[in-house]
Amino acid sequence: MKSFVRKHLCLPGLLACVRSQYQKIPDLATGSGRHRLLDCLMSGVALFGLKYPSLLQFDEDSGAIAHNLKQLYGVNRVPSDTSFRERLDPIESVTLQRGMNRIITQLQRGKVLECYRYFEGHLLVAIDGTGYFSSHEIHCENCCVKNHRDGSKTYYHQMLSAVIVHPDYSPVFPLLLEPILKQDGAKKNDCEHSALKRLLVNLRKAHPHMKLIVTLDGLYADGVIIQLLKSLDIRFIITAKETDLKYCYEFFHASKKETHTIERGAYSRQFSFSNQLPLNATYPACNINLMYLEETIQKKKKPLFQKWAWITDITLQRSTIDIIMKGGRARWHIENETFNTLKNQGYQFDHNFGHGYQNLSVVMAYLMFTAFLIDQVQAFCCKQFKAALKTQKRLTYLWERMRGYFFLFIIDGWEDLYTILGEGRQVPLKPCLRPDTS
C-alpha cells in the first residue's frame, strides 16, 4: 500500500502535530469519571474534520465510532455530548492557537510556503472579520451585546481571521484568530480596531521572522493601524475609499501622477498612482502611496466598468502596480475561500454547536478553523486527498462518503479510507453490525 508522499503534511502527520500541542494544555479536572481534556479536544477536531451535523452523533451506539476515533484521531474515550461541552467551556481559547501555529511551522519546514511567496519573499495575508453567532436569548460572559431602541438585546460573537492567500492558488491557510471581545466596544469600528491591534501584535509575536504583506479593508485605513504595521515591520495593501481619505485624495489629485494602461484581451486597465502622500491632517508625517485603478471589461451587451483604489507602503512604479492590484483583490479569498466555505461546505460555521457560559463558543470556532486548516493543507499537499476529491467530484460528496465509512466500518488507518475513496481499490474493512434495538 502506498504511503503518503509528504508524511508530515498529510492527515496522520497533521493530526499528530495538533495532538502534540493539545497535550501541553493543563488538564485541571479531577476524578476518575471525568473525560480527559485531550480526548475532548481531539473529538472536537474529529467533529469538524468529519463534518458532523451535530454533537449528538457522538452518542450513537456504534462500535465503529469508538474504534475509529481511537485509531484515526487518538481519542481513547469518547466523551458524551454534555461532558464534551463542560470540559471545553472553561478553556482559555488562545491556547488552541498552538495547534494552528504548529501546522504553519510544518508548512515552512516542508517548503510549502515557498510557493506562496508573493512579493520580494513576503507572504500575502488577508485579514477580515465575520460573525458566527447571534441570539436574542442565549449568551455567555464574553458575548458582545447590541442594545435596540425597543429595549431588546442581541448577543453575538465575531472573530477576526488572518489567512495566508495567493492570487494563483485556491487553498488558503488560516494563520491566526482573534476573537472580538465584549469590552472592545459597541461600535463596529471600535470592536474591529481593538481586535486588529491585538491580532497584529500576536501575529508578529507568533511569527517574528516571517515577511508579511497584509491586505485590509478600508475600515483600517487610518494612522493608528498604519503606524502599528510599520512598527511591527509588516507591509500593507489597504482599500482606499475617497470618502474616508479626503485629505489624502486632495494631495493625490493635485500631485503629478504617473499613469499606465494595460490591455489584455477584453480587459483594459488604466492605472494612476503617486508616492509619498500624507495620510490625513492628524498624521501628516505618515506618508503612504496611493494607486487608483479604472477597469473596463468588454461584454456582449455593454462594457462593465469598475474602480478600485489602494494605499500601500510599497513603492508604486510600473513594475509593481500589477502586483498591488492582484494583492489587493486577493483579499476576497478570505471571504470566498474561507468564510463562505466554513458556512456552506459542511463545517456549519454559523451553527450553534454549544454556547456555554464562558469560552465554549470561541473554543469551538478555534477547533473548526484547525480542522479547516488541516483540510486546506491536504488540498495543496496530499496526493491521496486530491485523488479522493477528484473521484468524489465535490467536497460535500467526499465528506458524506467519508462519514458513511466512518459509521459503518472498522477502519485501522487513514490510508485504507483514502485508498477506497480515491483509487477505487477495495480494502478489506470489517463492517460494524449494529444491534437490533427494536
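Structure first, text after, so check above.
If you're wondering where the values come from, they're calculated on a predicted model, not measured in any experiment.

Asks: Would you mind going over empty space enclosed by the protein with me for this structure?
Replies: Empty space left among the atoms is revealed by rolling a probe the size of a water molecule over them. Under the criterion given, the structure shown has two cavities of 30 Å³ or more. Of the pockets and cavities examined, the largest cavity occupies roughly 100 Å³. If you trace the largest cavity, you find it lined by F48, Y132, F133, F349, H351, N352, F353, G354, S361, M364, A365 and M368. Elements with a minimum of two residues in the lining of the largest cavity: strand 2 (122–135) and helix 12 (360–381). Ranked by the residues each element gives to the lining of the largest cavity, the list is headed by helix 12, at four residues. Broken down by class, the residue content of the lining of the largest cavity amounts to eight nonpolar, four polar and no charged. Every residue lining the second largest cavity is counted, 13 residues in all, and those nearest its centre are L11, G49, Y73, I374 and D375. If you list the elements that add at least two residues to the lining of the second largest cavity, you get helix 1 (11–22), helix 2 (37–49), helix 12, helix 14 (395–408) and helix 15 (414–423). Take the lining of the second largest cavity: its biggest share by element is four residues, from helix 12. Of the residues assigned to the lining of the second largest cavity, the class counts are 10 nonpolar, two polar and one charged.

Asks: Just to check I follow, could you spell out the packing of aromatic side chains for this structure?
Replies: Two numbers describe a pair of aromatic rings. These are the distance of the centres and the angle of the planes. Scanning all chains against the criterion turns up 17 aromatic pairs. Pairing Y116 with F380 gives two aromatic rings, centres 5.4 Å apart and planes at 65°, and the pair type is edge-to-face. Taken together, the positions of Y116 in the loop between helix 6 (112–115) and strand 1 (117–119) and F380 in helix 12 put the pair 264 residues apart, joining distant regions of the chain. Given the relative accessible area of 0%, Y116 is considered buried. Residue classification places F380 among the buried residues on the basis of a relative accessible area of 18%. Judged by centre distance (5.2 Å) and plane angle (50°), the rings of Y247 and F251 are tilted. With a gap of four residues between them, Y247 and F251 both fall in helix 9 (residues 246–254), about one helical turn apart.

Asks: Any chance you could explain the packing of helix 1 against helix 5 (residues 97–109) here in plain terms?
Replies: With their axes 8 Å apart at the nearest point, helix 1 and helix 5 run at an angle of 135° to one another. As judged from the angle between their axes, helix 1 and helix 5 are oblique. The two elements helix 1 and helix 5 cross, and the hand of that crossing is right-handed. Contacts between helix 1 and helix 5 involve L14, C17, V18, Q21 and Y22 from the first element and R98, G99, R102, I103 and Q106 from the second.

Asks: What should I look at first to understand unusual backbone geometry in this one?
Replies: Trans is the prevailing form of peptide bonds, just as negative phi is the prevailing case for residues other than glycine. Phi is positive for Q276, close to 60°, though the residue is something other than glycine. Inspection of the secondary structure assignment puts Q276 in strand 9 (residues 267–278). A positive phi angle is found at Q348, which is not glycine, with a value near 60°. With respect to the helices, strands and loops of the structure, Q348 is situated in the loop between helix 11 (333–344) and helix 12.

Asks: So what exactly am I meant to see when it comes to the pairing of strand 7 (residues 235–239) here?
Replies: Each regular strand displays side chains that alternate between the two surfaces of the sheet. Most of strand 7 sits out of view: four of its five residues are buried. Viewed along the sheet, the connection from strand 6 (residues 212–216) through helix 8 (residues 223–231) into strand 7 turns out right-handed. When strand 7 meets strand 11 (residues 304–312), the two strands line up antiparallel, connected through three bridges. Paired with I237 across the two strands is T312, which belongs to strand 11.

Asks: Please clarify how helix 15 should be interpreted in this entry.
Replies: Because an α-helix packs 3.6 residues into every turn, residues spaced three or four apart end up facing the same way. Summarising burial for helix 15: eight of the 10 residues are buried, a large majority. Looking at the buried positions of helix 15, the neighbouring elements they touch are helix 1, helix 3 (63–73), helix 12, helix 13 (383–392) and helix 14.

Asks: What exactly am I supposed to notice about the nonpolar core here?
Replies: Nonpolar side chains in soluble globular proteins generally cluster together in the buried interior. With 146 residues, the main nonpolar core has Y22, Y73, L88, F173, I311 and L367 as its most contacted residues. Per-element tally for this core: the top contributor is helix 12, with 16 residues. Every residue in contact with I311, bar those within four places of it in the chain, is listed here: A221, I226, F236, I237, I238, A240, L245, L279, I288, N289 and L290.

Thresholds, definitions, all that
Residues numbered from 1 in each chain as written. Predicted model: local features only at pLDDT ≥ 70, side-chain atom pairs only at ≥ 80, totals over all residues. Heavy atoms only, no water. 1 Å grid on protein atoms, 1.4 Å probe; cavity = no way out; pocket = protein on both sides within 12 Å on 5 of 7 lines; lining within 4 Å. Points joined across faces, edges and corners; volume = space filled by probe spheres on them. Helix = DSSP H or I, 4+ residues; strand = E, 2+ residues; numbered from the N terminus. Nonpolar A, V, L, I, M, F, W, Y, C, P; charged D, E, K, R; others polar. Phe/Tyr/Trp six-rings, centres within 6.5 Å; stacked < 30°, edge-to-face > 60°. Buried < 20%, exposed > 50% of the residue type's maximum accessible area, 1.4 Å probe, protein only. Axes fitted to C-alpha atoms, helices over the stretch in contact; angles between N-to-C directions. Parallel < 35°, antiparallel > 145°, perpendicular 65-115°, else oblique. Left-handed = near helix turned anticlockwise from the far one by under 90°. Contact = heavy atoms within 4.5 Å. Right-handed = clockwise from strand over helix to strand, strands pointing away. Pairing = 2+ DSSP bridges. Core = buried A, V, L, I, M, F, W, Y, C linked by side-chain atoms within 4.5 Å.

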